[in-house]
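# Residue-level structural notes
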Amino acid sequence: MRKLLLQIMTSLALVCMVGCTPSTSNEQQSYAPIKVEVPERPAGQEDVIQLTAPKIETVRVGFIGLGMRGPGAVSRFTHIPGTQIVALCDLIPENVEKCQDILTKAGLPKAEAYTGDEEAWKQLCQRDDIDLVYIATDWKHHAQMGIYAMEQGKHVAIEVPSAMTLDEIWALINTSERTRKHCMQLENCVYDFFELTTLNMAQQGLFGEVLHVEGSYIHNLEEFWGDYWNNWRLDYNNEFRGDIYATHGFGPACQLLDIHRGDRLKTLVAMDTKSASGPILAKKYGVANDSINFQNGDHTMTMIRTENGKTIQIQHDVMNPRPYSRMYQLTGTAGFANKYPVEQYCLRPEQVKADEVPNHENLNMHGAVSQEVKEALMKKYKHPIHQELEEVAKKVGGHGGMDFIMDYRLVYCLHNGLPLDMDVYDLAEWCCLAELGRISIENGSAPVEVPDFTRGGWNKVKGYRHAYVK
Ligand SMILES: NC(=O)c1ccc[n+]([C@@H]2O[C@H](COP(=O)([O-])OP(=O)(O)OC[C@H]3O[C@@H](n4cnc5c(N)ncnc54)[C@H](O)[C@@H]3O)[C@@H](O)[C@H]2O)c1
């Protein structure tokens, strides 16, 4: 009996430790989410919402990290007018050489090379003839490189995910706020043709009020596992639970919901499966720390509720044999859109004028609009960015063109002294799922508060808009 009592008391104590407060209502219990500290903004520092910086006529770039991803960026920049590739850095000299060849083939002079030393990238950041440092290394180097580059007076663009922990996120925010330098996460999927067209439709009210959004990163990485430098990606999966690669699905979802432009992420809960394929991959490719059980669940789901009562569901699976999917699905009060496995729209008939979009039939409850209507909608709502760049983007390429559009927009905004399409708070929000999800999972999928990374500024701007020169 005493043993049973002790067990009950221990369970109750654990429940309280994770911050659960049963409500007084008999009908329903509500639980307060686990609180996550928001560090006070250092004195003398202001937010960087809609940050502008002086116009840069020629954007001079230094690249760090030239493995599988980096060279594509170097190549894309050879197609962007008003840029100059000043310096290239990678630990491995041959990787730098390959990128020098890209420059030569494009008829450009060789760049200054930094290589062979773990810290050589710091010398690149210290140069006084660079405006932008573009980082495409493994995840553990991202934040420290971005912080150092901003401290050296450079704008930074960092591959996804740009930060892996809340400490890294806050350090990037504080550095951007203090130095007034742009810190953009290189999230390319927000420029994909279906995503950006659908965002335009949503912004013009076609779906009514967007209530629920889904995104995912479902990508069997089998063909890549053996090729990452130092096996960094599998090592990270081995060490951490939570959605550690959320941004491709989460970024477009947040843009649809105007996150920190009138709404904010408030609470999340996460759940994962056991690690089933992970340990098999660890045996096949090896991991740095084989004394721990493989941590990342094969499939991780995170659900987030926003201040305005919207919901988001994000999934991650990079290990099992499923067709690639970023999901990209939205439900609104007047319509629905879905990208994977088939692109489709479903709209209340009154949303579209018959003369604008032909044969917009009154749908039954099982159907989406016809292919003909879908094409007419996508043509009518083609985003101005795509109207301007689609042709050249498809020629230059990079995931079908969206990578080029991302780089082009970054340079366009720097040329014109405009706020970038994605700011450091987007970076923070889209990266926070890793640590916050882990906290939730490790506490029995308890709700966890999402910090307001803007520290009070999330409602200053109403609605997400791309900046253009007037
Ligand atoms: N947005 C996308 O669609 C997309 C696609 C692929 C990869 N990525 C991201 O790009 C980044 C790079 O991925 P990858 O596939 O190219 O990995 P990779 O392992 O092929 O390349 C990483 C490179 O970083 C270099 N590096 C490591 N430490 C360094 C240091 N101290 N100084 C200089 N160089 C250093 C390595 O030598 C290597 O060449 C990752 O963040 C990944 O998530 C994004």
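Definitions and limits used
- Residues numbered from 1 in each chain as written.
- Predicted model: local features only at pLDDT ≥ 70, side-chain atom pairs only at ≥ 80, totals over all residues.
- Heavy atoms only, no water.
- Salt bridge = Lys/Arg side-chain N within 4 Å of Asp/Glu carboxyl O.
- Helix = DSSP H or I, 4+ residues; strand = E, 2+ residues; numbered from the N terminus.
- Buried < 20%, exposed > 50% of the residue type's maximum accessible area, 1.4 Å probe, protein only.
- Pairing = 2+ DSSP bridges.
- Contact = heavy atoms within 4.5 Å.
- Axes fitted to C-alpha atoms, helices over the stretch in contact; angles between N-to-C directions.
- Domains from an automatic or database assignment.
- Polar contact = N/O pair within 3.5 Å; in protein donor to acceptor, adjacent residues only side chain to side chain.

### Quick word on the pattern of salt bridges
Enumeration according to the criterion identifies 29 salt bridges in this entry. Here Arg261 and Asp426 are joined by a salt bridge, their closest N and O atoms 2.8 Å apart. You can see Arg261 sitting in the loop between helix 9 (247–256) and strand 8 (265–272) and its partner Asp426 sitting in helix 14 (residues 424–431), a full 165 residues away along the chain. A single burial state applies to Arg261 and to Asp426, both of which are buried. Salt bridges linked by common partners bring Asp192, Glu195, Arg326, Lys339, Glu343 and Lys374 together as one network.

### A closer look at the sheet that holds strand 10 (residues 311–317)
Read across the open sheet, the 8 strands follow the order 13-12-11-7-10-9-8-14; overall the sheet is mixed. Unpaired on one side and paired on the other, strand 13 (344–347) and strand 14 (448–449) mark the two borders of the sheet. One ladder, built from 4 bridges, connects strand 12 (residues 335–338) with strand 13; its direction is antiparallel. Following the sheet pairing, Gly335 is matched in strand 13 by Leu347. Strands in contact with helix 15 (residues 433–442) are strand 8, strand 9 (300–306), strand 10 and strand 14; relative to strand 8, the strand with the most contacts, it is inclined by about 65°.

### Describing the domain arrangement of the chain
Parsing the chain into structural domains produces domain 1 (59–186) and domain 2 (190–384 + 424–449). Each partner contributes to the interface: domain 1 provides 22 residues, whereas domain 2 provides 22 residues. Summed over the shared surface of domain 1 and domain 2, the result is 1 salt bridge. One salt bridge in this structure joins Glu239 and Lys140, with 3.5 Å as the shortest N-O distance. For the pair domain 1 and domain 2, the interface holds 3 residue pairs in polar contact (both at pLDDT 80 or more). Ranked by residues supplied to the side of domain 1 that touches domain 2, first place goes to helix 6 (residues 166–179) with 6 residues.

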